[in-house]
Amino acid sequence: MTDEAWMWHALRLAQRAEQQGEVPIGAVLVREEHCLAEGWNQPIRTNDPTAHAEIVALRKAGQAIQNYRLTDTTLYVTLEPCVMCMGAIAHARVKRLVFGAFDPKRGAVCHALHLCDAPFLNHRVEWSGGVLEQNCSEILSDFFRARR
């Protein structure tokens, strides 16, 4: 599948988050064209501030393969990850990160921080942003507009 096809999958997961009253962000972790795990934002429902879509997917994948090292994987997420998620992505040794919408205020890939290239981390994450950017941005904008 293409990056766009996996991002559509992540967008469907973001819709699931929205249906549960959560900020609509979805994530899919892929290895060798197979979905290892998926996640969507769940901090409100689970009372867990770490239950971001990326963390949920990483935890599920680690349990599924019985290893916290998620080497040779690609993580697709609808929004540029925050500092917490980017730290987990690097520590899990995710090879590649693909995200949709950019987050100029809190993004830890190429905006507020540049953790993919941080010299103090011993793993570099390849990344590309802006995949289905308009779709990923719209679901977030629509969600927050409806809340105001």
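As a starting point, this report considers the structure included with it.

Cut-offs and rules
- Residues numbered from 1 in each chain as written.
- Predicted model: local features only at pLDDT ≥ 70, side-chain atom pairs only at ≥ 80, totals over all residues.
- Heavy atoms only, no water.
- Phe/Tyr/Trp six-rings, centres within 6.5 Å; stacked < 30°, edge-to-face > 60°.
- Buried < 20%, exposed > 50% of the residue type's maximum accessible area, 1.4 Å probe, protein only.
- Salt bridge = Lys/Arg side-chain N within 4 Å of Asp/Glu carboxyl O.
- Helix = DSSP H or I, 4+ residues; strand = E, 2+ residues; numbered from the N terminus.
- Pairing = 2+ DSSP bridges.
- Axes fitted to C-alpha atoms, helices over the stretch in contact; angles between N-to-C directions.
- Contact = heavy atoms within 4.5 Å.
- Core = buried A, V, L, I, M, F, W, Y, C linked by side-chain atoms within 4.5 Å.
- Parallel < 35°, antiparallel > 145°, perpendicular 65-115°, else oblique.
- Nonpolar A, V, L, I, M, F, W, Y, C, P; charged D, E, K, R; others polar.

**Points about the packing of aromatic side chains**
Part 1 of the reasoning: Summed over the entire model, instances satisfying the criterion amount to four aromatic pairs.
Part 2 of the reasoning: Relative to Phe102, the ring of Phe99 lies with its centre 5.2 Å away and its plane at 85 degrees, an arrangement referred to as edge-to-face.
Part 3 of the reasoning: Using a relative accessible area of 0% as the deciding quantity, one classes Phe99 as buried.
Part 4 of the reasoning: Since its relative accessible area comes to 28%, Phe102 is described here as partly exposed.
Part 5 of the reasoning: Relative to Phe144, the ring of Phe143 lies with its centre 5.1 Å away and its plane at 80 degrees, an arrangement referred to as edge-to-face.
Part 6 of the reasoning: Residue Phe143 is classed as buried on the basis of its relative accessible area, which comes to 6%.
Part 7 of the reasoning: Residue classification places Phe144 among the partly exposed residues on the basis of a relative accessible area of 36%.

**Details of the pattern of salt bridges**
Part 1 of the reasoning: By the definition in use, this model includes four salt bridges.
Part 2 of the reasoning: Notably, a salt bridge pairs Asp3 with Arg96, separated by 2.5 Å at the nearest N-O pair. Here Arg96 lies in strand S4 (residues 96–101) and Asp3 lies in helix H1 (residues 3–19), a separation of 93 residues in the sequence.
Part 3 of the reasoning: Of the charged contacts in the structure, one is a salt bridge between Arg59 and Asp48, with a shortest N-O distance of 3.5 Å. With Arg59 in helix H3 (residues 53–65) and Asp48 in the loop between helix H2 (43–46) and H3, the pair connects residues that are 11 residues apart, well separated along the chain.
Part 4 of the reasoning: Judged by its relative accessible area of 40%, Arg59 is partly exposed.

**Quick notes on the sheet that holds strand S1 (residues 26–31)**
Part 1 of the reasoning: Overall, mixed pairing links the five strands, which are arranged S2-S1-S3-S4-S5 in an open sheet. With partners counted over all chains shown, the strands left at the sheet margins are strand S2 (34–40) and strand S5 (126–129), one partner each. Along the sheet, successive strands turn relative to each other by an average axial angle of 15 degrees, direction set aside.
Part 2 of the reasoning: When S1 meets strand S3 (residues 74–79), the two strands line up antiparallel, connected through four bridges. Looking at S3, one finds that Val30 is bridged to Thr74.
Part 3 of the reasoning: Sheet contacts for H3: S1, S2 and S3; angle to S2, the most-contacted strand, approximately 140 degrees.

**Some details on the nonpolar core**
Part 1 of the reasoning: Met7, Leu75, Met86, Ile89 and Leu97 are the most contacted members of the largest nonpolar core, which totals 45 residues.
Part 2 of the reasoning: Broken down by secondary-structure element, the contributors of at least two residues to this core are H1, S1, S2, H3, S3, helix H4 (83–91), S4 and helix H5 (133–147).
Part 3 of the reasoning: Examining the composition of this core, we find that seven residues originate from one element, H1, more than from any other.

**What about the packing of H1 against H5?**
Part 1 of the reasoning: Running from N to C, H1 and H5 point in directions that differ by 10 degrees, and their axes come no closer than 10 Å. By the angle class used here, H1 and H5 are roughly parallel. Contacts between H1 and H5 pair Met7, Trp8, Leu11, Ala14, Gln15 and Glu18 from the former with Asn135, Cys136, Ile139 and Phe143 from the latter.
Part 2 of the reasoning: Residue classes in the contact of H1 with H5 are distributed as seven nonpolar, two polar and one charged.

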